[in-house]
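Structural characterization, general
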Amino acid sequence: MKTAKLIAAFFVLVLVLNASGQNPDFRNSNWGMDSAMVKRYETASFIDSKNNSLVFSGKLSNLDAKIVYDFTASNQLYQAFYLIRLNSKTPSLYVKYFQLFQELITKKYSEPLKKSAFTINGKAITPDEWASNLISDNLNLETKWKTEKTDIDLFLYSINDELYIEIRYASLDYTKKADEEKKVEILKSL
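Now for a description of the structure that goes with this document. Please read all numbers here as calculations on a predicted model, not as lab measurements.

What counts and what doesn't
- Residues numbered from 1 in each chain as written.
- Predicted model: local features only at pLDDT ≥ 70, side-chain atom pairs only at ≥ 80, totals over all residues.
- Heavy atoms only, no water.
- Phe/Tyr/Trp six-rings, centres within 6.5 Å; stacked < 30°, edge-to-face > 60°.
- Helix = DSSP H or I, 4+ residues; strand = E, 2+ residues; numbered from the N terminus.
- Buried < 20%, exposed > 50% of the residue type's maximum accessible area, 1.4 Å probe, protein only.
- Pairing = 2+ DSSP bridges.
- Patch = residues over 30% accessible without salt bridge, like charges linked within 9 Å, V, L, I, M, F, W, Y side chains within 5 Å.
- Areas by Shrake-Rupley, 256 points an atom, 1.4 Å probe, with all protein chains shown as cover.
- Salt bridge = Lys/Arg side-chain N within 4 Å of Asp/Glu carboxyl O.

This model, assessed by the stated rule, comprises eight aromatic pairs. Look at Phe56 and Tyr69: their rings are 5.7 Å apart centre to centre, the planes differ by 85°, and that puts the pair in the edge-to-face class. One end of the pair, Phe56, is in strand E2 (residues 53–60); the other, Tyr69, is in strand E3 (residues 63–71), with 13 residues separating them in the sequence. The same class applies to Phe56 and to Tyr69, which are both buried. Measuring from centroid to centroid gives 6.3 Å for Phe98 and Trp130, while their planes differ by 85°, and the two rings are edge-to-face. Of this pair, Phe98 sits in helix H3 (residues 91–109) while Trp130 sits in helix H4 (residues 130–135); the two residues are 32 residues apart in sequence, bridging distant segments of the chain. Trp130 matches Phe98 in its accessibility class, with the two residues each being buried. Clustering of aromatic rings is evident, with ring pairs tying together Phe26, Phe46, Phe56, Tyr69, Tyr82 and Tyr169.

Attention shifts here to the pairing of strand E1 (residues 45–50). Pairing of E1 with E2, which is carried by five bridges, proceeds in the antiparallel orientation. Looking at E2, one finds that Ser49 is bridged to Leu54. Connecting E1 to the next strand, E2, in antiparallel fashion are two residues, including Asn51 with a positive phi near 45°.

Before going further, it helps to examine a nonpolar patch on the surface. Judged by side-chain polarity, Ile186, Leu187 and Leu190 come together as a nonpolar surface patch covering roughly 380 Å² of accessible area. Structurally, the position occupied by Ile186 is in helix H5 (residues 172–189). On the basis of relative accessible area, Ile186 is assigned to the exposed category, the value being 53%.

Per the counting criterion, the structure on display carries 12 salt bridges. One salt bridge connects Lys149 with Asp25, and the closest N-O pair in it is separated by 2.9 Å. Separated by 124 residues along the polypeptide, Lys149 in the loop between strand E6 (139–146) and strand E7 (150–159) and Asp25 in the loop between helix H1 (2–20) and helix H2 (35–41) bring together distant segments of the chain. According to the relative accessible area criterion, Lys149 is partly exposed, its value standing at 41%. Note that Glu180 is salt-bridged to Lys183, the shortest N-O span being 3.4 Å. Of this pair, Glu180 and Lys183 both sit in helix H5, three residues apart, which is roughly one turn of that helix. When salt bridges with common partners are traced through the structure, they connect Arg85, Lys89 and Glu162 into a single cluster.

Such coordinate-based values are descriptive only and should not be taken to indicate function.
As C-alpha cells, then:
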C-alpha cells in the first residue's frame, strides 16, 4: 500500500514537472537558458550573434519580424523581443497593429499596468491624432503588463522616419542579474 502511494506521488510529481516545462517564457525558450539552447529551440532563421545577443528573422503570425534574444554576461537569457516593420510607411496602419497587439496581449495576460502616449512637447493627444504625430517623430506609444515572471512592453515609435512596433519580454529575476553583471563589468573598467 505504501509503495502504491509513493508511485502515485511520484507520478503526480512527474506530471507537474512536465506541465511546467511546457509553458515557455518566450517562444520556445525559458529565462536563464544559455544561447546554445535558445539557438537549438528557435525555429526562425538565424541572422547574427553579437554583444550577448542572438538575432533571428522570422514571423509573428503573417508579419515579418526580427526576433532578438539578449543574454547576461554569464550567458543566461534575460530578455527577448519582436521588432516589427510593416511593408508600409502608413502611420495609421502601424497604429492599427499597435492597437491590435494591445488587445491581444491584454486578452492573454489581463489588463495592462500602464498605457502611455507621450509627445516630445508634452502635449496631450487623442488616439485619432496618433498617426499624424508619428509622421513627425513626435509620439511614442507604450503599454506595460506584468506576469509572475515577466515584464511585457509594447511600443510604437519612430526613429529617423522609420516606424517600429516592438514587443519586449523581460525576466523579472534575470534582468536584475544582468544589471548586476553589467555593474561588475563597468566597475572593472574604472
